[in-house]
Amino acid sequence: MKIICIGQNYLEHIAELNSAVPEQPVFFCKPDTALLIKNRPFFIPDFTQEVHYETELVLRICKVGKNIEARFADTYYDACTLGFDFTARDLQRDCRKAGLPWEICKSFDNSAAIGNFIPKEKFRQGMQDLHFEMRKNGETVQTGHTARMLFSIPEIISHISKFFTLRTGDYIFTGTPPGVGKVSIGDRLEAFLEGEEVLRCAIK
Ligand code: MG
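Residues numbered from 1 in each chain as written. Predicted model: local features only at pLDDT ≥ 70, side-chain atom pairs only at ≥ 80, totals over all residues. Heavy atoms only, no water.

Topic: empty space enclosed by the protein
If you walk through the whole model with that rule in mind, you get one cavity of 30 Å³ or more. As a volume, the largest cavity reaches approximately 100 Å³. Gly7, Gln8, His13, Glu54 and Lys106 are, among the 16 residues lining the largest cavity, the residues nearest its centre. For the lining of the largest cavity, the elements supplying multiple residues, two or more each, are strand S1 (3-7) and helix H2 (89-98). The element that contributes the greatest number of residues to the lining of the largest cavity is H2, accounting for three residues. Split by residue class, the lining of the largest cavity holds four nonpolar, six polar and six charged. (1 Å grid on protein atoms, 1.4 Å probe; cavity = no way out; pocket = protein on both sides within 12 Å on 5 of 7 lines; lining within 4 Å. Points joined across faces, edges and corners; volume = space filled by probe spheres on them. Helix = DSSP H or I, 4+ residues; strand = E, 2+ residues; numbered from the N terminus. Nonpolar A, V, L, I, M, F, W, Y, C, P; charged D, E, K, R; others polar.)

Description of the pairing of strand S5 (residues 55-61)
Within S5, six of the seven residues are buried, which leaves the element mostly enclosed by the surrounding structure. Note that S5 and strand S6 (residues 77-85) share seven bridges and pair antiparallel. Directly across from Leu57, in S6, lies its bridge partner Leu82. Bridging between S5 and strand S12 (residues 171-173) involves three bridges; their strand directions are antiparallel. Across the sheet, Leu59 pairs through a bridge with Ile172, a residue of S12. (Buried < 20%, exposed > 50% of the residue type's maximum accessible area, 1.4 Å probe, protein only. Pairing = 2+ DSSP bridges.)

Thoughts on the coordination of the magnesium ion
Within the first shell, the magnesium ion binds the protein through Glu54 (OE), Glu56 (OE) and Asp85 (OD), at distances of 2.0 to 2.1 Å. Spacing between the donor residues of the magnesium ion along the chain follows E-x1-E-x28-D. Within this pair, whereas Glu56 is found in strand S5, its partner Asp85 is found in strand S6, the two being separated by 29 residues in sequence. Asp85 matches Glu56 in its accessibility class, with the two residues each being buried. (Donors = N, O, S within 2.8 Å, 3.2 Å for Na, K, Ca; no water.)

Digging into the pattern of salt bridges
Tallied over the entire structure, the rule returns 15 salt bridges. Of the charged contacts in the structure, one is a salt bridge between Asp170 and Lys2, with a shortest N-O distance of 2.6 Å. Here Asp170, found in the loop between helix H4 (153-163) and S12, pairs with Lys2, found in the segment before S1; they are 168 residues apart in sequence, far enough to count as distant. Just as Asp170 is buried, Lys2 falls in that class too. Lys106 is the partner of Glu54 in a salt bridge, and the nearest nitrogen-oxygen pair spans 3.2 Å. Within this pair, whereas Glu54 is found in the loop between strand S4 (51-53) and S5, its partner Lys106 is found in helix H3 (residues 103-106), the two being separated by 52 residues in sequence. Taking relative accessible area as the criterion, Glu54 reaches 3% and is therefore assigned buried. (Salt bridge = Lys/Arg side-chain N within 4 Å of Asp/Glu carboxyl O.)

What to know about the sheet that holds strand S13 (residues 181-182)
What links the strands of a sheet is backbone hydrogen bonding, and the strands pair in either a parallel or an antiparallel sense. Ordered in space as S7-S4-S13, the three strands form an open sheet in which the pairing is antiparallel. Since the sheet does not close on itself, it has two edges, and those belong to strand S7 (87-88) and S13, each with one partner. Relative to S7, S4 runs antiparallel, the two sharing two bridges. Across the sheet, Val51 pairs through a bridge with Ala88, a residue of S7.

Things to note about unusual backbone geometry
Positive phi is not limited to glycine here, since Gln8 has a value of about 50°. For Asn110, which is not a glycine, the phi torsion comes out positive at approximately 65°. Along the chain, Asn110 turns up in the loop between H3 and strand S8 (112-114).

Notes on the environment of Val183
In this structure, Val183 sits in the loop between S13 and strand S14 (188-193). For the pair Val183 and Tyr10, spaced 173 residues apart in sequence, the C-alpha to C-alpha distance is 21 Å. Apart from residues lying up to four places away in sequence, Val183 is in contact with Ile44, Val51, Tyr53, Phe86, Leu189 and Ile203. (Contact = heavy atoms within 4.5 Å.)

Pasting the structure below:
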């Protein structure tokens, strides 16, 4: 199982991090040890002073695929949920400055929280018309609408599968909308997909 994460897929988030708008989807991977499931708490690691939440739509891959054409991409996932792409923002700034890879800031243990999956058939309006929201300590801090993605889900799957064979059980994080921010010990995060709570996480 692998976890593939798209970066910089919502223009307003690109602006808040002062990044350049990519011409192709940008992605990175997290190992299976990054997975945080069953609404387990997230423990802030001691190597960072600034962990950010990034609330993202997550797809579950349901069959093997390579060089997938965008028009067939929707048949390669069967369900979606929300996830937190926990990011050590301080280490990420250092990595960027030095032109180094992102693994230490993005792919550490428990950095990929994943909620309860909902079959995609449930979303009759289509996958590019999903609204989601994240509340920190009861207050809405992030809202997302998949129509605002820079690269659509089929474009993402097609692009990733040029480089990596997708397999059943892989996950794709599709990028964060704006509103990312720091977590502190004692925070409670709750994420809602089309109004339904699919993920919660206590920060410890
Ligand atoms: Mg992200």
